[in-house]
Amino acid sequence: MTDVGALCHADMHAHFLLYGHYLRQGYSGAGRRWAPWGPLGNRLFLEHALAGQVHCVTFTVYVPAGRWFGVGAALRQIDTLDRVAAETGGRLTLARTGAQVRAIAASGRVAGVLAIEGGHALERDPSDLERLAARGVRMATLAHFVSSSLADVAACAYRPHGGLSHAGRDVVRRMGRLGMFPDVAHLSDAAIEQATVEAEGPVVSSHTGMRDLRDLPRNLGDAQARRIAATGGMIGILWFPPYLSDGFLGRDATIQTFLDHCCHAASVVGPGHVGIGTDMDALTWPPAGLRDHRDYPRVADGLRQRGFSAAEVDGILGRNYLRLLGDGGVASGP
Ligand SMILES: [Zn+2]
């Protein structure tokens, strides 16, 4: 098979399902409708991905905190994505491995990879993890804006576990055995450190800024970044301006600010452990100079101008993530 890795850009974290599931919209532009927060989101389209050669999009299944949610909410969103993919006539196809992504990309289509955000889907019964893995979910966060019964978060002062709870450590270990990656985005520093100790495979921070450039607890510190890289994992740099720049609402953030974070991450962990996790359509907006997936080639140009080799640029734009996803659905090493 032709190696299309150089042409297969990837997004490690995107929120189409907030529209697709909760507003019942399609992924192809023809099927999209009005959204109440349109100016802030509604940027994920199949056509945009294809235009930017983003042949791998990670569709995040978001499960908020609350007793009414749980693994059922996650499974229903996955059902929606199956329906949406069918509506594209196969131009969007779900994939579990890097090899599957490459095959889908080689035929000019978009591969969807499943991830969970929130961790609340796993709170009731950690064995639900097996049900999610069976549906093809490759990574999951353990909490979001508020600490869950599994893990403490960065953004909230209520941190009852001092990192991960006993159940949280168990979930992290189980993920490795199931070929899933613990996603430590949103977690506290202590929880990140403990996850890298407990994990039996690579750990990922799918969408983050770098704290050294934008001092937020939610952003990744260099020490935590090195721990993640040491597991063979990856850091996805996001597009959300307030996490990239300290100007009011990040309004001064541009594509150059985003590239600053990419460069810093690469300087700390090496370009082989860096990727892009846009966080698009999570009530967010991109930095100036980036519209949506159509502008991945501008990111590639920017990285080349900053001295990265062609292979390093290919890696950050997608090849690193495909390597992480592996060829057999099991965790790949460093
Ligand atoms: Zn997030």
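Presented here is an overview of the structure given in this document. (Residues numbered from 1 in each chain as written. Predicted model: local features only at pLDDT ≥ 70, side-chain atom pairs only at ≥ 80, totals over all residues.)

A few points about helix α10 (residues 255-269)
For α10, spanning 15 residues, the distance from its first C-alpha to its last is 21 Å, which sits close to the expected 21 Å at 1.5 Å a residue. Listing the buried residues of α10 in full gives Thr257, Phe258, Leu259, Asp260, His261, Cys262, Cys263, His264, Ala265, Ala266, Val268 and Val269. Within two residues after α10, Gly270 carries a phi angle of roughly 90°, on the positive side. (Helix = DSSP H or I, 4+ residues; strand = E, 2+ residues; numbered from the N terminus. Expected span 1.5 Å × (residues − 1). Buried ≥ 20, exposed ≤ 12 C-beta atoms within 10 Å, placed from the backbone.)

A few points about the packing of helix α6 (residues 166-177) against helix α7 (residues 189-198)
Two elements in contact, α6 and α7, have axes separated by 9 Å at closest approach and are oriented at 45°. In terms of orientation, α6 lies oblique with respect to α7. Along this stretch, α6 crosses α7, giving a crossing that reads as right-handed. Contacts between α6 and α7 involve Arg169, Val172 and Arg173 on the former and, on the latter, Gln194, Ala195 and Glu198. Taken together, the residues that form the contact of α6 with α7 break down as two nonpolar, one polar and three charged. (Axes fitted to C-alpha atoms, helices over the stretch in contact; angles between N-to-C directions. Parallel < 35°, antiparallel > 145°, perpendicular 65-115°, else oblique. Left-handed = near helix turned anticlockwise from the far one by under 90°. Contact = placed C-beta atoms within 7 Å. Nonpolar A, V, L, I, M, F, W, Y, C, P; charged D, E, K, R; others polar.)

Some details on the environment of Gly26
Structurally, Gly26 is set in the loop between α1 (16-20) and α2 (46-51). Take Gly26: there are 19 C-beta atoms within 10 Å of it, and that puts it in the partly exposed class. Through-space distance from the C-alpha of Gly26 to that of Phe45 is 8.6 Å; in sequence the pair is 19 residues apart.

Considerations on the pairing of strand β2 (residues 54-62)
The buried count for β2 comes to nine of nine residues, which makes it a mostly enclosed element. Pairing of strand β1 (residues 9-14) with β2 involves four bridges; the strand directions are parallel. Pairing of His9 across the sheet is with Val54, part of β2. Alignment of β2 against strand β4 (residues 110-117), held across seven bridges, turns out to be parallel. Residue pairing for β4: Thr58 is matched across the bridge by Val113. (Pairing = 2+ DSSP bridges.)

Considering the packing of helix α4 (residues 98-106) against helix α12 (residues 310-325)
At a minimum axis distance of 7 Å, the contact between α4 and α12 shows a crossing angle of 130°. It follows from the interaxial angle that α4 and α12 lie oblique. Residues Gly98, Val101 and Arg102 of α4 form the contact with α12, whose participating residues are Leu322, Arg323 and Leu325. Class assignment for the residues of the contact of α4 with α12 results in three nonpolar, one polar and two charged.

Comments concerning the pairing of β4
In terms of residue burial, β4 counts as a mostly covered element, since eight of its eight residues are buried. Of the two faces of β4, the one carrying Val110, Gly112, Leu114 and Ile116 and the one carrying Ala111, Val113, Ala115 and Glu117 are both buried. Note that strand β3 (residues 92-94) and β4 share three bridges and pair parallel. Within β4, the residue paired with Thr93 across the bridge is Ala111. As for the winding sense of the linkage, the β-α-β connection from β3 through α4 to β4 is right-handed. Two elements, β4 and strand β5 (residues 137-141), share three bridges in a ladder whose sense is parallel. Paired with Ile116 across the strands is Ala140, a residue of β5. (Right-handed = clockwise from strand over helix to strand, strands pointing away.)

Concerning the nonpolar core
Among the nonpolar cores identified, the biggest contains 104 residues, and Cys56, Leu187, Cys262 and Ala265 are the most heavily contacted of them. With eight residues, the single largest contributor to this core is α10. Discounting chain neighbours no more than four positions away, the residues touching Leu187 are Leu142, Ala143, Ala151, Asp152, Val153, Ala154, Ile192 and Ala195. (Core = buried A, V, L, I, M, F, W, Y, C linked by C-beta atoms within 7 Å.)

As for helix α8 (residues 222-230)
An α-helical segment advances 3.6 residues per turn. Residues three or four places apart therefore align on the same side. Inspection of α8 places Gln224, Ala225, Arg227, Ile228 and Ala229 among the buried residues, and these make up the whole buried set. Along its buried surface, α8 packs onto α7, β7 (204-208), β8 (234-237) and α10. The first or second residue beyond α8 is Gly232, which carries a positive phi of 90°.

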